[in-house]
Amino acid sequence: MTEFMQLVVSALGFGGIYALAALGLTIIFKTSNVVNFAYGAMATVVAMLVWTAHADLRLPTALAWVLAILGGAALGGAAEGGFLRPIGQAPPIVSIVMTVGLLLVVAGMTGVIWGFGPKSVPAVLSGPSIAAGPVSVDRNDLFVAGLALAVALALSLFYQRTRLGLAVRAVAEDAEVASLMGISRRWVLTLSWAVGVAVTGTAAVLAAPSVGLTPTMMDDIAVFAFAGAVLGGLGSLTGAVVGGFTVGILADLIAGYASANLQLTLVFALIVVVLYLRPQGLFGRSTQVRQ
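Attention here is on the structure that accompanies the text. (Residues numbered from 1 in each chain as written. Predicted model: local features only at pLDDT ≥ 70, side-chain atom pairs only at ≥ 80, totals over all residues. Heavy atoms only, no water.)

Our next topic: the packing of helix H3 (residues 39-56) against helix H4 (residues 61-84). For the pair H3 and H4, the least separation of the axes is 8 Å and the interaxial angle reads 145°. Judged by the sense of rotation from one axis to the other, the crossing of H3 with H4 is right-handed. When H3 is examined against H4, the residues Met42, Val45, Val46, Leu49, Val50, Ala53 and His54 are found in contact with a partner set consisting of Thr61, Ala64, Trp65, Ala68, Ile69, Gly71, Gly72, Leu75, Gly76 and Ala79. Looking at the contact of H3 with H4, its residues break down into twelve nonpolar, five polar and no charged. (Axes fitted to C-alpha atoms, helices over the stretch in contact; angles between N-to-C directions. Helix = DSSP H or I, 4+ residues; strand = E, 2+ residues; numbered from the N terminus. Left-handed = near helix turned anticlockwise from the far one by under 90°. Contact = heavy atoms within 4.5 Å. Nonpolar A, V, L, I, M, F, W, Y, C, P; charged D, E, K, R; others polar.)

Glancing now at the layout of surface pockets. In this model, the largest pocket occupies a volume close to 950 Å³. What lines the largest pocket is a set of 30 residues, among which Lys30, Ala172, Glu173, Gly235 and Arg285 lie closest to the centre. At the level of elements, helix H2 (12-32), helix H6 (139-161), helix H7 (163-173) and helix H11 (237-257) are the ones that each hand at least two residues to the lining of the largest pocket. Per-element tally for the lining of the largest pocket: the top contributor is H7, with six residues. Of the residues that constitute the lining of the largest pocket, the class distribution is twelve nonpolar, twelve polar and six charged. (1 Å grid on protein atoms, 1.4 Å probe; cavity = no way out; pocket = protein on both sides within 12 Å on 5 of 7 lines; lining within 4 Å. Points joined across faces, edges and corners; volume = space filled by probe spheres on them.)

Moving on, we come to the side chain of Thr202. Turning to its location among the elements, Thr202 is positioned in helix H9 (residues 185-211). Apart from residues no more than four positions distant in its own chain, Thr202 is found in contact with Leu20, Trp65, Ile69 and Leu147.

The following block contains the structure:
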């Protein structure tokens, strides 16, 4: 039992990273109904910007974070305006192709600008683990998990308690009606892409110390985060958080009791079973189409 509890606690760090990445993906999907397959590569740019601001420009860590996340937001807004907006109401397959193309462009340019070799990035927190009964909790893992929950709470309050959040929800519910009410769908989509990339970029910054900072560092993380978003229900912020932490815990348990090579296979097998029983995901809403 102690081993099981330790594996669960040890998964908090990557569970929080998956939750943040899933949140970024969900924010974009919630308003644009587009699955941004380039979100991992775009998040990597944010981590690279943190490294540049901190290592090359010698800026304080907190300032480096702020500037890099703002840079990620600008990248997200530019991607929506330059790549997705011109295709308008094109079929979903066109959006998929566009985001895959964006993935290739961003990943390639990241390698050209920053190089393909790994870069060392220190963890946000260091020091001895915290004893909690029979298990020990890594300080950095605890910080990552707490930050993921704090970001989710802040986003929830934003959507529920602010006029701007209400406008975003209106566009997500019915863009045509929202436009008739004077809400700019174009501006809301740009904002959603900016926030989505910024949130996912935060996940990349937190993951870099553990996986190493390279242009492909988010490849596996993006897949697990996507699994978490689908499991929780695409479009649900609560689902993204629960799904991200669930995938993180499942992956850690599979690695501990079976093999790390089976993590992706078994996690997706379980998700297939869940979606077979509940196609909209754990927290997603089912939609009915009138004939």
